[in-house]
Amino acid sequence: MKRKEKETYWIVKIEEYRASGLSLIEWCETSDVALHNMKYWLRKQSPINRDSSQETSWVSCVVEEPKEKSIF
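Residues numbered from 1 in each chain as written. Predicted model: local features only at pLDDT ≥ 70, side-chain atom pairs only at ≥ 80, totals over all residues. Heavy atoms only, no water.

**Q** Just checking my understanding: could you explain the overall build of the protein for this structure?
**A** Check the secondary structure of the protein and you find four helices and zero strands. From first element to last, N terminus to C terminus, the protein shows the α and β order α-α-α-α. The buried share among the 72 residues of the protein stands at 18%. (Helix = DSSP H or I, 4+ residues; strand = E, 2+ residues; numbered from the N terminus. Buried < 20%, exposed > 50% of the residue type's maximum accessible area, 1.4 Å probe, protein only.)

**Q** Looking at this structure, I do not really get the nonpolar core. What am I missing?
**A** Soluble, globular proteins show a tendency: their nonpolar side chains are buried together. Judged by nonpolar contacts, Trp 10, Ile 14, Tyr 17, Leu 24, Trp 27, Cys 28, Val 33, Met 38, Trp 41 and Leu 42 together constitute the single largest core of ten residues. Among the elements of the structure, helix 1 (3–20), helix 2 (24–31) and helix 3 (35–44) are those that each provide at least two residues to this core. Setting aside residues up to four positions removed in sequence, Trp 41 forms contacts with Lys 6, Glu 7, Trp 10 and Ile 14. (Core = buried A, V, L, I, M, F, W, Y, C linked by side-chain atoms within 4.5 Å. Contact = heavy atoms within 4.5 Å.)

**Q** Would you take a moment to explain the packing of helix 1 against helix 3 for this structure?
**A** The angle between the axes and the distance between the axes are what describe a pair of packed helices. Contact pair helix 1 / helix 3: the axes reach a minimum separation of 10 Å and the direction vectors enclose 100°. Accordingly, the angle class assigned to the pair helix 1 and helix 3 is roughly perpendicular. Only Asn 37, Met 38, Trp 41 and Leu 42 of helix 3 make contact with helix 1, whose side of the interface consists of Lys 6, Glu 7, Trp 10, Lys 13, Ile 14, Tyr 17 and Arg 18. Each residue belonging to the contact of helix 1 with helix 3 can be placed in one class, and the counts come to six nonpolar, one polar and four charged. (Axes fitted to C-alpha atoms, helices over the stretch in contact; angles between N-to-C directions. Parallel < 35°, antiparallel > 145°, perpendicular 65-115°, else oblique. Nonpolar A, V, L, I, M, F, W, Y, C, P; charged D, E, K, R; others polar.)

**Q** Any chance you could explain unusual backbone geometry here in plain terms?
**A** Here Asp 32, not a glycine, exhibits a phi torsion of approximately 55°, which is positive. Among the structural elements, Asp 32 can be located in the loop between helix 2 and helix 3. Since its relative accessible area comes to 74%, Asp 32 is described here as exposed.

**Q** For this particular structure, what's the right way to read the confidence of the model for the protein?
**A** The share of residues in the protein with pLDDT of 70 or more is 86%, and the mean pLDDT across the chain is 85. At the level of individual helices and strands, the protein shows its lowest average pLDDT in helix 4 (residues 47–50), which scores 64, and its highest in helix 2, which scores 95. (pLDDT = per-residue confidence, 0-100.)

**Q** Quick question: what am I supposed to make of the packing of aromatic side chains here?
**A** Each aromatic ring pair is specified by the distance between its two centres and by the angle formed by the two planes. Across all of its chains, the model carries four aromatic pairs by this definition. Here the aromatic rings of Trp 10 and Trp 41 are separated by 5.9 Å at their centres, their planes lie at 5°, and the arrangement is stacked. Of this pair, Trp 10 sits in helix 1 while Trp 41 sits in helix 3, and the two are 31 residues apart along the sequence. When its relative accessible area of 9% is taken as the criterion, Trp 10 is described as buried. Three or more aromatic residues joined by ring pairs make a cluster, and in this case those are Tyr 9, Trp 10, Tyr 40 and Trp 41. (Phe/Tyr/Trp six-rings, centres within 6.5 Å; stacked < 30°, edge-to-face > 60°.)

Structure representation (structure tokens):
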């Protein structure tokens, strides 16, 4: 299965799960889907992970040496 086909397949499975009203474990058991695979794709399709336009923000940090010598 190609990447796009696999993604489409899992989007459909996620929609079926959400529409079912069952818990994740119950749905996976009745749908013959491995729980760890479903969890992976739920994370992968999460809106937080899908927002690839978000840029990294960098913060500067100044570290000063201690004025007194310590035992360590």
